[in-house]
Amino acid sequence: MTEPLKIGVIVGTTREGRFADVVTEWFMDKTASRSAFKFDVIDLRDHVLPHFEEAMAPAYAEPSEGAKGKWNDLLKSYDGFIVVTPEYNHSIPGVLKNAFDYAYTGWRRKPLGIVGYGPSGAMRAAEHLRVIAINFGMVPVRGAVHIAGADFFANMTERDPKAFPEHIDPTLDELLGDMEFWGNLTKPALKA
Ligand SMILES: Cc1cc2nc3c(=O)[nH]c(=O)nc-3n(C[C@H](O)[C@H](O)[C@H](O)COP(=O)(O)O)c2cc1C
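Attention here is on the structure that accompanies the text. (Residues numbered from 1 in each chain as written. Predicted model: local features only at pLDDT ≥ 70, side-chain atom pairs only at ≥ 80, totals over all residues. Heavy atoms only, no water.)

## Considerations on the site of the ligand
Okay, so step 1: Around the ligand, the structure places 15 residues, and the nearest of them are Thr13, Arg15, Phe19, Tyr88 and Tyr117.
Okay, so step 2: In the environment of the ligand, an oxygen atom lies 2.7 Å from a nitrogen or oxygen atom belonging to the backbone of phenylalanine 19.
Okay, so step 3: Between glutamate 87 and the ligand, the recorded distance is 3.1 Å, taken from a side-chain N or O atom to a nitrogen atom.
Okay, so step 4: Burial of the ligand by the protein amounts to 74% of the accessible area it has alone, namely 610 Å².
Okay, so step 5: The class makeup of the residues in the shell around the ligand is 7 nonpolar, 5 polar and 3 charged. (Near = heavy atom within 4 Å. Polar contact = N/O pair within 3.5 Å; in protein donor to acceptor, adjacent residues only side chain to side chain. Areas by Shrake-Rupley, 256 points an atom, 1.4 Å probe, with all protein chains shown as cover. Nonpolar A, V, L, I, M, F, W, Y, C, P; charged D, E, K, R; others polar.)

Now the structure itself:
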C-alpha cells in the first residue's frame, strides 16, 4: 500500500472571531476517512512570525533562528499543502503572504490546493496564491473549493462545520484527486 501523503492544512487567517476555524473543521471532518492522505492543521496563530525583516530572501538564505527557522523546518516535513483562505481586499490575507515569504525550500516543488471561503469564495485570492506558489516552483492544482455567496452567508452566524451544503462536496473530491495525483508524482522525485 502506498504511504499516505503528508499534507499540511494551513489556516490562513489569525484575527479574533475568524471564520477560518469553521471551514478548517469542515475540511478535516470531510477528509477524515481519506486513506491517501494524512492531514495536519498548521495554524498561523501557532507560528507567529514578524513582518518580514531578513537581510536576504529565503530563496538565498533560509532563516535558521527561533520561530523563523522552525517554520521552514516544519514545512519541509510535508509532501504538500492545502491553504484555507478567505479574500482580504481581493488578495490573500497579509499574514498568509508573510508566512509564504518566510520560507523557501519547505514550499518548493510541492502541490498546493486551495479551500476558499467568503462572499466571493476567495476566487481572486486563489488566483493570486497560485501565482505566488509558482515562484516557489510549487504545483498549484486546478481543483479547488470555493464556499461562496449564499453558501457562506447562510452559515455565517450559525458557524456550524456540518451545515455547508453537499453540493460543495464534488469540488472537494476534485481538489483531493488533483492533490493525490501531483503529490504522488512529486514526493518520490523530491526524495530522490
Ligand atoms: C480586511 C478584510 C478585507 C476583506 N476583503 C474581502 C474581499 O476583498 N472579498 C471578499 O469576498 N471578502 C472580503 N472580506 C470578507 C471576508 O471574506 C470574510 O470576513 C471572511 O470571514 C474572512 O475570513 P476570516 O473570518 O477567517 O478572517 C474581507 C474581510 C476583511 C477582514
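## Description of the pairing of strand 5 (residues 139-147)
Okay, so step 1: Counting buried residues in strand 5 gives 7 out of 9 residues, a clear majority hidden from the surface.
Okay, so step 2: In terms of strand pairing, strand 4 (residues 111-117) meets strand 5 through 6 bridges, oriented parallel. Residue valine 115 lies in a different strand from strand 5, and its bridge partner there is valine 145. (Buried < 20%, exposed > 50% of the residue type's maximum accessible area, 1.4 Å probe, protein only. Helix = DSSP H or I, 4+ residues; strand = E, 2+ residues; numbered from the N terminus. Pairing = 2+ DSSP bridges.)

## Some remarks on the pattern of salt bridges
Okay, so step 1: Taken as a whole and assessed by the stated rule, the structure comprises 14 salt bridges.
Okay, so step 2: Across the pair arginine 18 and aspartate 21 runs a salt bridge whose closest N-O atoms are separated by 2.8 Å.
Okay, so step 3: Across the pair lysine 68 and glutamate 54 runs a salt bridge, and its minimum N-O distance is 2.8 Å. Placement of lysine 68 in helix 2 (residues 66-76) and of glutamate 54 in the loop between strand 2 (37-43) and helix 2 is noted, with a sequence separation of 14 residues between them.
Okay, so step 4: Residues joined by salt bridges that share partners form a network here, namely Glu3, Asp79 and Lys187. (Salt bridge = Lys/Arg side-chain N within 4 Å of Asp/Glu carboxyl O.)

## Overview of the environment of isoleucine 114
Okay, so step 1: By secondary structure assignment, the location of isoleucine 114 is in strand 4.
Okay, so step 2: Taking relative accessible area as the criterion, isoleucine 114 reaches 2% and is therefore assigned buried.
Okay, so step 3: Note: C-alpha distance between isoleucine 114 and alanine 125 (11 residues apart in sequence) is 9.6 Å.
Okay, so step 4: In contact with isoleucine 114, other than residues within four places in its own chain, are Val83, Thr85, Ala126, Leu129, Arg130, Ala144, Val145 and Leu175. (Contact = heavy atoms within 4.5 Å.)

## Comments concerning the environment of proline 4
Okay, so step 1: Structurally, the position occupied by proline 4 is in the segment before strand 1 (5-11).
Okay, so step 2: Judged by relative accessible area, proline 4 falls into the partly exposed class, the value being 34%.
Okay, so step 3: In this view, proline 4 contacts Ser35, Ala36, Phe37, Lys38, Asp79 and Lys187; residues no more than four positions away in its chain are not counted.

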